[in-house]
Amino acid sequence: MDAHAHAADDHHEIEIPYTVHPRPDTGVYNGKLGIWLFLASEVMLFGALFSTLILLRTSAPVWLHGWQVLNVPLATLNTFILIGSSVTVVLAWANLRLGNLKKGKIFLLLTLLCGLGFMVIKSIEYGTKFSHHLYPSTNNFYATYYVMTGLHGLHVLGGMVVFAYLLLTADKWYAEKRDQYTNRVEVTGLYWHFVDLVWIFLFPILYLL
Amino acid sequence: MPPKRQVRVGNQWMRAREAQRALEEAFRVAQAEESAHGPQQSFLRKYVFSVDHKWIGIQYGITALVFLMLGFSMMLLMRYQLAWPGQPFHPWIAKFLGQANAPGGVMLPEFYNQLGAMHGTVMVFLAIVPLAVGAFGNYVVPLQIGAPDMAFPKLNMMSYWVYLPGGLLMLSSFLMPGGAANSGWTSYPPLSIIATDGQTVWILGMVLLITSSLLGSINFIVTIFQLRAKGLSFMRMPFFVWAQLITAFLLLLAFPPLEAAAVLQLMDRVAGTSFFMPSGLVVSGTPLTNAGGGNPLLWQHLFWFLAHPEVYVLILPGMGIISEVIANNTRKPLWGYKSLVGAGVFLGFMSFVVWAHHMFLTGMGTAISAFFQTTTMIISIPSVVILTALILSLWGASIRFTVPMMFALAFLPMFGIGGLTGLPLGLAAADIHLHDTYYVIGHFHYVVAPGTIFAMFAGIYYWFPKATGRQLNEFWGKVHFWGSLIAINGVFAPMFLQGLAGVSRRLYDGGAQYAHAKPILHTNVFMSVSAFILLAFQLPFIINFFYSMFKGRRVVSNVWDATTLEWAATTSPPLGHGNFAVAPVVYRGPYEYSVPGHPTDFFPQNEPEDATPPAPATHGGMLPAGAVAQKES
């Protein structure tokens, strides 16, 4: 993403078209198309994992029920936290678009904190399971539970790293390249919605069914 | 009538030697101008962590060619063992392999398995795909669409710098206790789960390689959608760009399931899970302690969901290169450009619904088999359309037998053999007999070796003048071509006979202990000798490649009189990081050769209708873009 930033500092290198403003016939700027393609590949990644879960579960003689062994209240709380963070990230972007940097930063911070809250709750869940000697190797229910929530957790963590970066560079970027900065928030927001969406699928399938 | 031994440069006839001197001089001036006015870059930024798609393409190309040679060497070791089972290697080779792998110079079966698994992995993931996509795609696509660079130059650099560590990690697994991965390039569980630690390194290497192609594919698609020059609509794109676009979509959507599968296999190996491990497995007399309940077939489904589209990743860029070379050397438009594009897109879609034809023998049931054999028969149609269009393009042409064209012409029947021999494998009934025999090996090697690799050679000979400003030696190119063509058929054609006779693949002794293999076993020696001859005929290429890079004949920018943008709108080699001094504008389709009424037999895409060629400017001190240097006999 920051290709352009560095290329620009690097003794006036070449200019890549449509980095910031949309190309008229495709209607998107480069980063936005890029993130949609990335999300398409993510759909395939999680699609493969969901297929794995379905295949293992349907062929298993016994399969644990999530609502009997997993902590549903905590996961429900996490669901609401993530949905909330999807709202805050949109508000951050909208405020930045409207020229309100301060509010935008507050909402970015809130999004980051939501992500942090999600991870804390997730680690409490994991910790409890570990303390009961329930590991990925225990059975295939726990194996899929740990792998799918773990991979999702890594995605949340990745999003948090980007949000932290966006917060730290906000003032400088917003002053110098406002459109580009706002685009970055938008693109990260798209990714964040996807991470949220994956959880919306994970929650009922792992915890409720 | 031009005098003998003279060449035409621009509108002037001059002696060959003088022309060379003039071209060298013109290039020196242009280079000096560029280095005086262009950006000053540090060595690291320019050559190591470059963000210039052209240099990254060259990095990919050289690295992939080295891996290609490594994969080839592994195969040579195996072929020696197959032809002369139990015979010791030459002491030098034995010493290099070490006592652990080849005690007394005789290869151990375990080491043979490592070589087998690594040959496949190296060739597919480290050599062919990086060469076809990373090198040719990177170098040519932005030039052909008139873009200043890829859409995300930093990401492009990162793709390479994830690919290289992935490859080195993969190779380093030979140093692990128990050696490299040895469960075949398909890594079927449960064998791969209980295999030695090399398999873990294999998985980690794969994760890096998958990440690399993921970054690359996003970059290609965005570049092609967003950075096409003015006037370059989709149906004016060269077929090579189409091929790369379809390939990028395949990589984007097919690789993630393998990434998921790799994560699951990693968990099975290091965290003791049982995704792919069925209950009640007993290994060497000891029951396994893992929870069980997993499904080994799940891996096969996830693996082939990638690996079948991967087959088209291997062949599509090759077809793209062949199309460019054929159009250029037949001096007429490709026959059925629209059909080519349509077939390519259809091929891409269909490649996602044929994967289980690799699994007919897993007992997945006749209904599923019937479905997948039907889709497999359907997908052969677009391949036939593409091949037919390319063959028909030759009809009535006065063909220029340049070296790239010779490789392209050889590609057609070679890929034809590879493709047609695939049909019996796609039919469940025939596959029962042929599955996992040398017939399969023969089939896909015909597609990939004299198919794709010949296409890669065609591409190298064709675009070498673009990348270096110099031409590869024609004579040694022809030696390379004829030697390779004959030897490579010697390697792979007998495999069909062996396979029909029922000789299984992956046999350490080549089938010596099987009675039914006896009558056909002598072909092993013939194949192995052919393989060593094939090696010998690569030497002229390697020497030619490096010699010509520095000392080859200097040529004008558009040496092949081509119409596409990479030749028409920029110098060869392109100087600096900007590609085009002035952003090119496209006025017509990619293959406007021999247009009636046009003064030359090629009408570049960027040449306005009313301009009188050669078109001026946009070449930074070099000779005009329309300039030609031709030997006149």
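On a predicted model such as this, the values are computed, not experimentally measured, just so you know. (Residues numbered from 1 in each chain as written. Chains lettered and ligands numbered in written order. Predicted model: local features only at pLDDT ≥ 70, side-chain atom pairs only at ≥ 80, totals over all residues.)

A. The overall build of chain B, seen in detail. Check the secondary structure of chain B and you find 20 helices and 6 strands. At 25 Å, chain B has a C-alpha radius of gyration in line with the 26 Å of a compact globule built from 633 residues. Projecting the C-alpha coordinates of chain B onto the three principal axes gives extents of approximately 80 × 50 × 45 Å. Within the span of chain B, comprising 633 residues, buried residues form 55% of the whole. (Helix = DSSP H or I, 4+ residues; strand = E, 2+ residues; numbered from the N terminus. Rg over C-alpha atoms; globule rule 2.2 N^0.38 Å. Buried ≥ 20, exposed ≤ 12 C-beta atoms within 10 Å, placed from the backbone.)

B. Geometry of helix α4 (residues 72-97) of chain A. All names here are of chain A. Taking 1.5 Å as the rise per residue, α4 with 26 residues should run 38 Å; its terminal C-alpha atoms sit 38 Å apart, in good agreement. When we look at burial in α4, the residues that qualify are Ala-75, Asn-78, Ile-81, Leu-82, Ser-85, Thr-88, Val-89, Ala-92, Trp-93, Asn-95 and Leu-96. Looking at the buried positions of α4, the neighbouring elements they touch are α5 (101-131) and α8 (178-208). The first or second residue beyond α4 is Gly-99, which carries a positive phi of 90°. (Expected span 1.5 Å × (residues − 1). Contact = placed C-beta atoms within 7 Å.)

C. View of the nonpolar core. Counting residues in each nonpolar core, the largest one holds 237 residues, and the members touching the most others are Ile-145, Ile-221, Ile-322, Phe-407, Phe-411 and Ala-458 of chain B. Per-element accounting of this core gives the leading share, 22 residues, to helix α5 (residues 109-144) of chain B. (Core = buried A, V, L, I, M, F, W, Y, C linked by C-beta atoms within 7 Å.)

D. Representation of the confidence of the model for chain B within the structure. Counting all residues, the mean pLDDT for chain B is 92, and 94% of those residues have values of 70 or more. With pTM at 0.93, the complex prediction returns an ipTM value of 0.93. (pLDDT = per-residue confidence, 0-100.)

E. How the structure looks around the interface of chain B and chain A. On the chain A side, the residues contacting the 41 residues of chain B number 38 residues. Among the secondary structure elements, those contributing two or more residues to the side of chain B that touches chain A are α6 (153-172), α8 (198-226), α9 (239-270) and α10 (296-330) of chain B. Considering every element that reaches the side of chain B that touches chain A, the biggest residue donor is α9 of chain B, with 10 residues. For the side of chain B that touches chain A, the class distribution of residues is 27 nonpolar, 11 polar and 3 charged. (Nonpolar A, V, L, I, M, F, W, Y, C, P; charged D, E, K, R; others polar.)

F. Summary view of the environment of Thr-223 of chain B. All names here are of chain B. Here Thr-223 lies in helix α8. Exposure remark for Thr-223: the 30 C-beta atoms within 10 Å place this residue in the buried category. Separated by 293 residues in the primary sequence, Thr-223 and His-516 place their C-alpha atoms 55 Å from one another. Leaving out residues up to four positions away in the same chain, Thr-223 has contacts with Val-141, Pro-142, Ala-147, Met-150 and Ala-151.

G. Fine view of the packing of helix α11 (residues 337-350) of chain B against helix α12 (residues 366-393) of chain B. All names here are of chain B. Where α11 contacts α12, the axes come no closer than 9 Å and their chain directions differ by 155°. As far as their axial angle goes, α12 and α11 are roughly antiparallel. For the pair α11 and α12, the crossing hand works out as left-handed. Residues Ser-339, Leu-340, Ala-343, Gly-344, Phe-346, Leu-347 and Met-350 of α11 lie in contact with α12, whose contacting residues are Thr-375, Ile-378, Ile-379, Pro-382, Ser-383, Val-385, Ile-386 and Ala-389. Per-class residue counts for the contact of α11 with α12 are 11 nonpolar, 4 polar and no charged. (Axes fitted to C-alpha atoms, helices over the stretch in contact; angles between N-to-C directions. Parallel < 35°, antiparallel > 145°, perpendicular 65-115°, else oblique. Left-handed = near helix turned anticlockwise from the far one by under 90°.)

H. Seen up close, the packing of helix α2 (residues 30-59) of chain A against α8 of chain A. Residue and element names in this part refer to chain A. Two elements in contact, α2 and α8, have axes whose closest approach is 10 Å; the angle formed by their N-to-C orientations is 15°. Here α2 is positioned roughly parallel relative to α8, judged by the angle of their axes. Remark: the crossing between α2 and α8 carries right-handed chirality. In contact with Gly-31, Lys-32, Ile-35, Leu-39, Glu-42, Phe-46 and Leu-53 of α2, α8 contributes Asn-183, Val-187, Leu-190, Tyr-191, Phe-194, Val-198 and Ile-205. Split by residue class, the contact of α2 with α8 holds 10 nonpolar, 2 polar and 2 charged.

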